[in-house]
There are 2 protein chains.
Amino acid sequence: MLYLIGLGLSHESDITVRGLETVKKCKNVFLEAYTSILMAADKASLEKFYGREVILADRELVESGSDTILADAKDDDVAFLVVGDPFGATTHSDLIIRARELGIQVETIHNASVMNAVGACGLQLYQFGQTVSLVFFTDTWKPDSFYDKIMENRRIGLHTLVLLDIKVKEQSIENLARGRLVYEPPRYMSIETAASQLLEIEEIRNEKAYTPDTPCVAISRLGSPSQTFKAASLQDLSNYESGDPLHSLIILGRRVHDLELDYLDAYASDPKKFREDVVKDQEYFKPAPYVPPEEPLSD
Amino acid sequence: MLYLIGLGLSHESDITVRGLETVKKCKNVFLEAYTSILMAADKASLEKFYGREVILADRELVESGSDTILADAKDDDVAFLVVGDPFGATTHSDLIIRARELGIQVETIHNASVMNAVGACGLQLYQFGQTVSLVFFTDTWKPDSFYDKIMENRRIGLHTLVLLDIKVKEQSIENLARGRLVYEPPRYMSIETAASQLLEIEEIRNEKAYTPDTPCVAISRLGSPSQTFKAASLQDLSNYESGDPLHSLIILGRRVHDLELDYLDAYASDPKKFREDVVKDQEYFKPAPYVPPEEPLSD
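Worth saying up front: this structure is predicted, and the values here are computed from it rather than measured.

Rules behind the numbers
Residue numbering note: each chain is counted from 1, following its sequence as written. Each chain takes a letter, starting from A, and each ligand takes a number, starting from 1, following the order in which they are written. The predicted nature of this model means local features are confined to residues of pLDDT at least 70 and side-chain atom pairs, given and counted, to a pLDDT of 80 or more, with totals for whole chains, interfaces and linings taken over all residues. Note: side-chain values were computed over all heavy atoms of the structure, leaving out hydrogens and water. Strand pairing requires that DSSP identify at least two bridges connecting the strands. Numbering of helices and strands runs from the N terminus; a helix is a DSSP stretch of H or I covering at least four residues, while a strand is a stretch of E covering at least two. All axes are obtained by fitting lines to C-alpha atoms, using only the stretch in contact for helices, and the reported angles, taken between N-to-C directions, cover 0 to 180 degrees. When checking whether two residues touch, look at their non-hydrogen atoms; a contact exists if any pair is within 4.5 Å. For this analysis, a nonpolar core means a set of buried residues of the types Ala, Val, Leu, Ile, Met, Phe, Trp, Tyr and Cys, connected via side-chain atoms within 4.5 Å. Accessible area is worked out with a 1.4 Å probe on protein chains only. A residue is then buried under 20% of its type maximum, exposed over 50%, and partly exposed in between. Note on disulfides: each one is a pair of cysteine sulfur atoms within 2.5 Å. For the least-squares superposition of copies, only C-alpha atoms count, and only for residues with pLDDT at least 70 in both. Where a domain begins and ends is set by an automatic assignment or by a domain database. Accessible area, probed at 1.4 Å, shrinks when two parts are joined; the buried area is that loss added up over both. For this document, the term salt bridge refers to a Lys or Arg side-chain nitrogen within 4 Å of an Asp or Glu carboxyl oxygen. Pairs of N or O atoms are called polar contacts if they sit within 3.5 Å, as long as, within protein, a hydrogen donor faces a hydrogen acceptor (for residues adjacent in sequence, only side-chain-to-side-chain pairs). In this classification, Asp, Glu, Lys and Arg are treated as charged, Ala, Val, Leu, Ile, Met, Phe, Trp, Tyr, Cys and Pro as nonpolar, and every other residue, Gly included, as polar. UniProt positions are given in the numbering used here, feature names are shortened, and annotations may be inferred rather than shown by experiment. Angular relationships are summarised with four words: roughly parallel below 35 degrees, roughly antiparallel beyond 145, roughly perpendicular across 65 to 115, and oblique for the angles in between.

**Some words on the sheet that holds strand β10 (residues 215–220) of chain A**
All names here are of chain A. The strand order across the open sheet built from five strands is β6-β7-β12-β10-β11, with neighbouring strands paired in mixed fashion. The sheet terminates laterally at β6 (132–134) and β11 (228–233), the two strands that pair on one side only. Here the strands of the sheet are splayed against their neighbours by 25° on average, with no regard to which way each runs. Pairing of β6 with strand β7 (residues 160–164) involves three bridges; the strand directions are parallel. Across the sheet, residue V132 finds its bridge partner in β7, namely V162. Packing of helix α7 (residues 145–155) onto the sheet brings it into contact with β6, β7 and β12 (247–251), and relative to β6 it is tilted by some 145°. Strand contacts of helix α12 (residues 271–281): β10 and β11, with the helix running at about 125° to β10, the strand carrying the most contacts.

**Details of the nonpolar core**
Core analysis: the largest hydrophobic core is formed by 92 residues, its most contacted members being L2, F80 and I250 of chain A together with L2, F80 and I250 of chain B. Ignoring anything within four residues of it in the chain, the contact list for I250 of chain B reads V118, C121, L123, F128, H159, T160, L161, P215, C216, V217 and I219 of chain B. I15, V54 and A79 of chain A together with V17 of chain B belong to the second-largest nonpolar core, a separate cluster that totals 38 residues.

**Concerning the sheet that holds strand β4 (residues 78–82) of chain B**
Within a sheet, each strand pairs with its neighbour through backbone hydrogen bonds, oriented either parallel or antiparallel. All names here are of chain B. Spatial ordering of the open sheet is given by β3-β2-β4-β1-β5, a layout of five strands whose pairing is parallel. A strand with exactly one partner marks an edge of an open sheet, and here the two such strands are β3 (55–57) and β5 (106–109). Within this sheet the neighbouring strands show an average axis-to-axis angle of 25°, counted without direction. As paired elements, strand β1 (residues 2–6) and β5 share four bridges and run parallel to each other. Each residue of the ladder has a partner; that of Y3, found in β5, is E107.

**Quick word on the state of the cysteines**
As enumerated under the stated definition, the model contains zero disulfides over all chains in all. Between C216 of chain A, a free cysteine, and C121 of chain A, which holds the nearest cysteine sulfur, the sulfur-to-sulfur gap is 11 Å.

**Some words on the relation of the copies chain B and chain A**
At an RMSD of 0.0 Å, chain B and chain A line up after a rotation of 180° and a shift of 0.0 Å along the axis. As the rotation angle and translation indicate, the two copies are arranged about a two-fold axis.

**Considerations on the domain arrangement of chain A**
Residue and element names in this part refer to chain A. By the assigned domains, chain A splits into domain 1 (2–112) and domain 2 (115–283). Placing a centre on the C-alpha atoms of domain 1 and another on those of domain 2 gives a separation of 28 Å. With 14 residues of domain 1 at the contact, the number on the domain 2 side is 15 residues. Approximately 1000 Å² of surface area, both sides summed, lies buried where domain 1 meets domain 2, with 68% of it carried by carbon and sulfur atoms. The largest contributions to the domain 1 side of the interface with domain 2 come from L9, I37 and M39, which together make up 41% of the buried area. At the surface where domain 1 touches domain 2, the tally comes to zero salt bridges. In this structure, the connection of domain 1 to domain 2 is made through zero residue pairs in polar contact (both at pLDDT 80 or more). Classifying every residue of the side of domain 1 that touches domain 2 gives seven nonpolar, five polar and two charged.

**Examining the interface of chain B and chain A**
Across the contact, 49 residues belong to chain B and 49 residues belong to chain A. Together, R18, Y126 and Y263 of chain B form the three largest contributors to the area buried by chain B at its contact with chain A, with a combined 17%. At the level of elements, α1 (17–25), α5 (93–101), α6 (114–117), β6 (132–134), α7 (145–155) and α11 (258–264) of chain B are the ones that each hand at least two residues to the side of chain B that touches chain A. Counting residues per element, the side of chain B that touches chain A draws most heavily on α5 of chain B, at four residues.

**Quick word on the UniProt feature "binding site: S-adenosyl-L-methionine" (unreviewed entry) in chain A**
Residue and element names in this part refer to chain A. Mapped onto the present numbering, the UniProt feature "binding site: S-adenosyl-L-methionine" (unreviewed entry) falls on L9, D85, G88, S113, V114, L164, L222 and H247. Relative to the helices and strands, L164 is located in strand β7. Leave out the neighbours within four places in its chain, and L164 touches L134, M189, S190, I191, A194, H247 and S248. With respect to the secondary-structure elements, L222 resides in the loop between β10 and β11. Setting aside its immediate chain neighbours within four residues, L222 contacts L9, M39, V114, A117, V118, A120, Q227 and F229.

**Describing the pairing of β12 of chain A**
Counting buried positions along β12 of chain A gives five out of five residues, so the element sits mostly inside the fold. Side chains H247, L249 and I251 of chain A project from β12 of chain A onto one buried face, and the interleaved S248 and I250 of chain A project onto a second face that is buried too.

**Structural notes on the pattern of salt bridges**
Side chains that carry opposite charge are capable of pairing whenever their charged atoms lie near each other. For the coordinates displayed, the defined rule picks out 50 salt bridges over all chains. Here R205 of chain B ties to D148 of chain B by a salt bridge, and the two come within 2.5 Å at their closest N and O atoms. Of this pair, R205 of chain B sits in helix α9 (residues 191–205) while D148 of chain B is found in helix α7, placing the two residues 57 residues apart along the sequence. Under the relative-accessibility criterion, D148 of chain B is labelled partly exposed at 38%. The shortest N-O distance in the salt bridge between D281 of chain B and R154 of chain B comes to 2.8 Å. Of this pair, D281 of chain B sits in helix α12 (residues 271–281) while R154 of chain B sits in helix α7, placing them 127 residues apart in sequence. You'll find D281 of chain B and R154 of chain B in the same group, each marked buried. Here the salt bridges share partners, and the residues they tie into one network are D213, D236, K273, D277 and K280 of chain A.

**Section: the packing of α7 of chain B against α9 of chain B**
Residues and elements named next belong to chain B. Where α7 meets α9, the closest approach of the two axes is 11 Å, and the angle between their N-to-C directions is 85°. Taken together, the axes of α7 and α9 are roughly perpendicular relative to one another. Only L198, I201, E202 and R205 of α9 make contact with α7, whose side of the interface consists of F146, Y147, D148 and I150. A per-class count over the contact of α7 with α9 returns five nonpolar, no polar and three charged.

**Structural notes on helix α2 (residues 43–50) of chain A**
For α2 of chain A, the N-terminal cap is D42 of chain A; the gap from its side-chain oxygen to the backbone nitrogen of A44 of chain A is 3.2 Å. A positive backbone phi angle near 65° is found at G51 of chain A, which sits one or two residues after α2 of chain A.

Structure (structure tokens):
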């Protein structure tokens, strides 16, 4: 049996009781270690908590060497641990499809992921459109496919969750070219960088998918003891000091409920300005006012 | 301190280790018992698992009597347990805002909810638009605000998660009028009912937000030992026997990835027909084909 087990967001103890019981009985325990991190735990602390050896699975092992992970899963129990939920931002569908092909049974033990825990900022999950990703720009590579998606969401008044790039165990182009297994230090996109990159693309495209005044919520270290929310305009967030990773960003949509705003008050440095920004932003993508059909004058 | 603790989807042991440790140390433990249920647990089994008394909190206690819940939270620890995640489909923002007003600190311990665990069917969470709710129709009351939202999602090619009505501790109109505290047996919407209601509204509106042939995924008992997924057209699902609750339904959007379809194959009674339905459905809301701008003939 292959168990896909979500670890939640931050602590060793964010695993579920059922997840922990399962880890303890598995022959091999792999930890997917390239799409996210647990903020208040590491390999050593997890091993201590589980009383088991944990094997770090990098992208290569998961994507090309999945048969290594699945080798013992036919006759024994194997755990594949994923930060957040196994079907969160990164799905592991291909690993499961491969397991099915090999006749291996799969069971999932779910957990919180950023995709649902983000509701903790007070914005309602019902009001979110599609989630987008933002990668680190380089001088020559600034992929902006998120822009059209944010536009689609905002046209119908919905919030957008923007997931920020994480670079773990990446090689420089030079090391890659020379075949040297030397890895760059991990990088986690900050709120400041995300907001600046978003503004850079708006400046180029200028289609007003959002503007410097668009209200946003910065989500830092969600689910960890130092979790922080900040409600401010995109412009203000480009000068924010968001601190340690991980971060995500929400771009608000026009359909904001009063209860959402009441909740966000506590996270705005300047609640009055934030509410003004919300009102101003509601002019974008506003439905045309209702005009009654013209009727011929009677008499 | 007020702790909002997610219980996950099904088993007593779906609570996180940190959640369980917290419940054990709280003075009072309330369980929100009107918007969802744990499929493989009840009050008695939870009390046994926690070694603590659990107080069922109905809608009235949470919405009008929140000060009862918060009474001891200023000086002692109080746990408010929520099936799924505290910020999932039903948010408890007002309880938290009230706690803040009373100067009570609040901490959330997240868990999986249908809003993220739904990814287990193989459809990618990135590809979902806004989530909608479907309530039980009566002869005279058939609210259809979900219809425009599904239309909005499908226009831009996105999947829609449809959450199905749950009626717990509801009074009949007669008992309500006579002030008799007699409650109806709980009702949980089945897939068959949901699909039929959706088709009924499509027949009335006839704007082709979806059709009887639109591909869907029925999600039954998500996260429980008898979890079942069924990939079929909306028409076929109106005759499906979905069995014990809880259920949710996904209406697919036009943007379906091959990997999503490969994954769904295992859940279709007739994978070939399901794929044909997907192809047919992609004709709706299809962007107009690219036409190069006309240029004057050079000569």
